[in-house]
Amino acid sequence: MAQVSLRNVCKLFPGNVKAVDNVNLGIENKEFMVLVGPSGCGKSTTLRMVAGLEEISSGDVFIGNKRVNDVPAKDRDIAMVFQNYALYPHMTVIENMSFGLKLRHIPKQEIVQRVNEAAEILGIKRLFKRKPRELSGGERQRVAVGRAIVRKPMVFLFDEPLSNLDAKMRVQMRTELHKLHIRLQTTIIYVTHDQVEAMTMGDRIAVMKDGIIQQVADPISIYDTPRNKFVAGFIGSPPMNFMNGRIIKKEGKLYFDEGKIIVKLVEDMHKKMMPYVGKDIIFGIRSEDIYDKLFVSEAPPENIVRVNCEVYEPMGSEVYLYLNTGKHTFIARVGAHDKPKVNADMDVVFDMSKVHFFDKNTEDTIV
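Source: prediction; values computed, not measured. (Residues numbered from 1 in each chain as written. Predicted model: local features only at pLDDT ≥ 70, side-chain atom pairs only at ≥ 80, totals over all residues. Heavy atoms only, no water.)

Digging into the packing of aromatic side chains
Evaluation of the coordinates by the stated rule reveals 11 aromatic pairs. Ring centres of Phe-283 and Phe-357 lie 5.5 Å apart, and the angle between their planes is 70°; on these two criteria the pair is classed as edge-to-face. Highlighted residues: Phe-283 in strand 14 (residues 280–285) and Phe-357 in strand 20 (residues 356–359), separated in sequence by 74 residues. According to the relative accessible area criterion, Phe-357 is buried, its value standing at 0%. Aromatic ring contacts, followed pair by pair, group Phe-256, Phe-283, Phe-330, Phe-350 and Phe-357 into a single cluster. One residue, Lys-229, lies across the ring of Phe-242, its end atom 5.0 Å from the ring centre. For the cation-ring pair, Lys-279 lies above Tyr-276, with the distance from its terminal atom to the ring centre recorded as 6.0 Å. (Phe/Tyr/Trp six-rings, centres within 6.5 Å; stacked < 30°, edge-to-face > 60°. Helix = DSSP H or I, 4+ residues; strand = E, 2+ residues; numbered from the N terminus. Buried < 20%, exposed > 50% of the residue type's maximum accessible area, 1.4 Å probe, protein only. Lys NZ or Arg CZ within 6 Å of the ring centre and 35° of its normal.)

Quick notes on the sheet that holds strand 5 (residues 66–67)
Sheet architecture is open: four strands sit in the order 2-1-4-5, paired in antiparallel fashion. Each edge of the open sheet carries a strand with a single partner, namely strand 2 (17–27) and strand 5. Contacting strand 1 (4–13), strand 2 and strand 4 (58–63), helix 1 (residues 43–51) runs over the sheet at an angle of about 115° to strand 1. (Pairing = 2+ DSSP bridges. Contact = heavy atoms within 4.5 Å. Axes fitted to C-alpha atoms, helices over the stretch in contact; angles between N-to-C directions.)

A closer look at helix 5 (residues 167–184)
Its 18 residues place the ends of helix 5 26 Å apart at the C-alpha level, agreeing with the 26 Å of an ideal helix rising 1.5 Å per residue. Where helix 5 is concerned, the buried positions are Met-169, Met-173, Arg-174, Leu-177, Leu-180 and His-181. Buried residues of helix 5 fall within an arc of 140° about the axis and therefore sit on the same side. When the buried face of helix 5 is taken as reference, the exposed residues oriented beyond 90 degrees from it are Lys-168, Lys-179, Ile-182 and Arg-183. (Expected span 1.5 Å × (residues − 1). Arc of directions from axis to C-beta.)

Topic: the pairing of strand 9 (residues 204–209)
Of the strand pairs in this sheet, strand 3 (residues 32–36) and strand 9 are connected by four bridges, and their pairing is parallel. Of the residues in strand 9, the one forming a bridge with Val-34 is Ile-205. Connecting the antiparallel pair strand 9 and strand 10 (residues 212–217) is a turn made up of two residues, with Asp-210 showing a positive phi of about 50°.

Some remarks on the nonpolar core
Counting 46 residues, the largest nonpolar core has Met-97 and Tyr-190 as the members making the most contacts within it. Residue contacts for Met-97: discarding those within four places in its chain leaves Val-115, Ala-118, Ala-119, Ile-124, Phe-128, Val-143, Gly-146, Arg-147 and Val-150. Listed in part, the 30 residues of the second largest apolar core include Phe-283, Val-307, Phe-350 and Ile-366. (Core = buried A, V, L, I, M, F, W, Y, C linked by side-chain atoms within 4.5 Å.)

Description of the pairing of strand 12 (residues 253–257)
Consecutive side chains along a regular strand alternate between the two faces of the sheet. Of the strand pairs in this sheet, strand 11 (residues 241–250) and strand 12 are connected by five bridges, and their pairing is antiparallel. Bridge pairing in strand 12 places Lys-249 opposite Leu-254. Taking the residues between adjacent antiparallel strands as the criterion, strand 11 and strand 12 are bridged by two residues, where Glu-251 takes a positive phi near 50°. Both strand 12 and strand 13 (residues 262–264) contribute to a ladder of three bridges, which runs antiparallel. By the bridge assignment for strand 13, Phe-256 is matched with Val-263. Linking strand 12 to strand 13, which pair antiparallel, is a turn of four residues; within it Gly-259 sits at a positive phi near 115°.

Structure follows, in structure tokens:
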């Protein structure tokens, strides 16, 4: 079994800088777990502590049922793939893939078998005689992954493996790594700053900020029910729109008042939002939940917002509209057929059944 468990794990750097703060995380056998967050959030440091490349300041790391705090990296039965590939430049592809097995004194016949199997999976047998300088970025990354596969480890660790690739190659390698996980049926911990990679690849996602795990859940749950404003703003492209305002009550109904606009809350939200009447609050709505009124047959008048369209950004299958209320700017994601005039006023409709509210002081999710 290849479960990985981090229990109260902390990492302090000189100067009492806390890079990882009391991380508790369990990764199940055969699970694809993604650690995601902005640069400097502690995700790579966490991965390196699992790998044994970084000393743990406090807490415990278990691989399987074994505590590995004091186990050297080479004895942890893990394989790590780095951002910069870390291939030996003077060796051919087949030599790079075989080298680690030779150091472990694996029989020659088994080395040949393992290398051929990995190369077949990754489609790199034709590259065997080439050296890293003769390979493209995508080919180098396949070789680095192949070198990890041949070891048949309990756990694979990936540290920003696609960051050096162009956009098209990143999409292709995302798909290949996902298929590889299904085929190998092994445990993978994957670090990235790219929320698209996290959403498309992970069985579960752990979102990190300032060394602290903010939320752990499957991708859809993270997207639909973020635990706080940071998670809501980090996961999603474009990011969630936020506006400051307050909850007001009129004729027994609750409304969000931004100053320039007022929109009505759906009745299901009344119970949770009643304690916030008269208080400042943060309102959140995703770009796809804002519609051009011209394409909505029946829009409740209290959900219609007058805005100015500042920028029209065609993306092929959809369009991003950069809108201004006079107090806040936000983005709507609409269909490619929608072509409003730039620098002109327009009406949009907020889908109030899908909005989010966050406490002004804690930034935790209310609804």
